[in-house]
Amino acid sequence: MASDSGHDDARYLAGSPVRIAILRALDRNPRRPASLTDAVDATRTTVQRILAGFRERRWVVKRDGVYHVTPTGERVHAAYEDLLSEIDRSDRYGRFAADLQRAGAAFPAAGLETGDLTAATDRDPLAALDRVVELIRDTCGSDVRAVSPIVTTQYNEAAGAALDAGAEIELVIDREVLETSIAEFGPATDRALSDEGATVYVSAEPIEYGLFRYDDVACVVAYDERNNPRCVFETTDETVIEWADERFESLASAATPLSAVIRESSVSQE
C-alpha cells in the first residue's frame, strides 16, 4: 500500500503538465535549466522551482550545472507514462470491458494488451454488427465455434454462405434465441438441423455476450442492455484465445443439442 507521501508526490507530478514535460525531457537527455526553459515553454523561474521540487524528491540531481534523472526518477517517469497508457486504453476499451463485465463474462484484463476494436457509434450504429457479419462470411473452409445472444437475418445469411463455402460451425444460443429463430427464421432453423456442417447447442441459461473463434483468431462481441452489438474485439493473443475456448466449452457442455430440444418440444406439444 502506498504511503501518504507517495500519494502526495503522485499528486505533485500529475498536478502540472509542465512538471511532467520537464521530467520527460530530462529522462531523454540531461539538460541545463536554460535548455529546459526552451524545451517546455516555461519561464526560468518556473523551471527552477520544479527542479528544486524534483531534487527534494531525489528524482533528479545537479552535476556541473546539468540536471540528470536518477534511477528512481526514471522509474517514476516510466510508471507515469504506463499510467497514461492504461488511461488511454481504458478510454478506448471502456465500453467493451464494461458491457462484458455486466454480462458476467470474466474477460481477462491482460487480454486488452493487444487487439483491434470495432465499435458502434452515433454515426455508424451498425459498425459492430457489420463487422461480425463480415467475419462470419470470411470463414470459408474454417472450423468455427461461436456463441450468440441474438439471431438476425444478417447472421443467418452470413452463416449460410460460410456453410456453402465449406465451413464447419458449432454454435451456442439460448432458449430465447431459439424461440425467435423458430418463429421468424424457419428455413435457417431447418438448415441448422439438417446441415452436417452445422452443430447447434441450446443453453438453458441466458447468454449476454458473443464469441467467435476460427483459425488463430478470437473475437469477442459485447452487447448493450437491449442486446444490440456494440463492440467487436479481435485478437490473436493466447490469453484471449484460451479464455474464449474455455468459455465456449463450458457453455456447450452445459447446453443441449438443438435436435434434442426440438424433439422434446414436439413431444410436449402432442
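Source: prediction; values computed, not measured.

Caption draft 1: Representation of the sheet that holds strand 3 (residues 116-119). Judged by pairing direction, the sheet is mixed, and its 8 strands sit side by side in the order 3-9-8-7-4-5-6-10 without closing on themselves. Edge positions in the sheet fall to strand 3 and strand 10 (256-257), since each has one partner strand and no second. Both strand 5 (residues 168-174) and strand 6 (residues 198-203) contribute to a ladder of 6 bridges, which runs parallel. Each residue of the ladder has a partner; that of D174, found in strand 6, is S203.

Caption draft 2: Region of the structure containing the packing of aromatic side chains. Per the stated rule, a full pass over the model turns up 10 aromatic pairs. Aromatic side chains Y12 and F54 sit 6.3 Å apart centroid to centroid with 85° between the ring planes, which places their arrangement in the edge-to-face category. Of this pair, Y12 sits in helix 1 (residues 4-14) while F54 sits in helix 4 (residues 44-56), and the two are 42 residues apart along the sequence. Per residue, the accessibility class of Y12 equals that of F54, and both read buried. Considering the side-chain rings of Y93 and F233, the 5.7 Å spacing of their centres and the 90° angle between planes classify their relative orientation as edge-to-face. You can see Y93 sitting in helix 5 (residues 71-102) and its partner F233 sitting in strand 9 (residues 229-235), a full 140 residues away along the chain. On the accessibility criterion, F233 (0% relative accessible area) is buried. Among the aromatic residues, those joined into a cluster by ring pairs are Y93, F96, F107, Y209, F233 and W243.

Reading guide: rules and limits
Residues numbered from 1 in each chain as written. Predicted model: local features only at pLDDT ≥ 70, side-chain atom pairs only at ≥ 80, totals over all residues. Heavy atoms only, no water. Pairing = 2+ DSSP bridges. Helix = DSSP H or I, 4+ residues; strand = E, 2+ residues; numbered from the N terminus. Phe/Tyr/Trp six-rings, centres within 6.5 Å; stacked < 30°, edge-to-face > 60°. Buried < 20%, exposed > 50% of the residue type's maximum accessible area, 1.4 Å probe, protein only.

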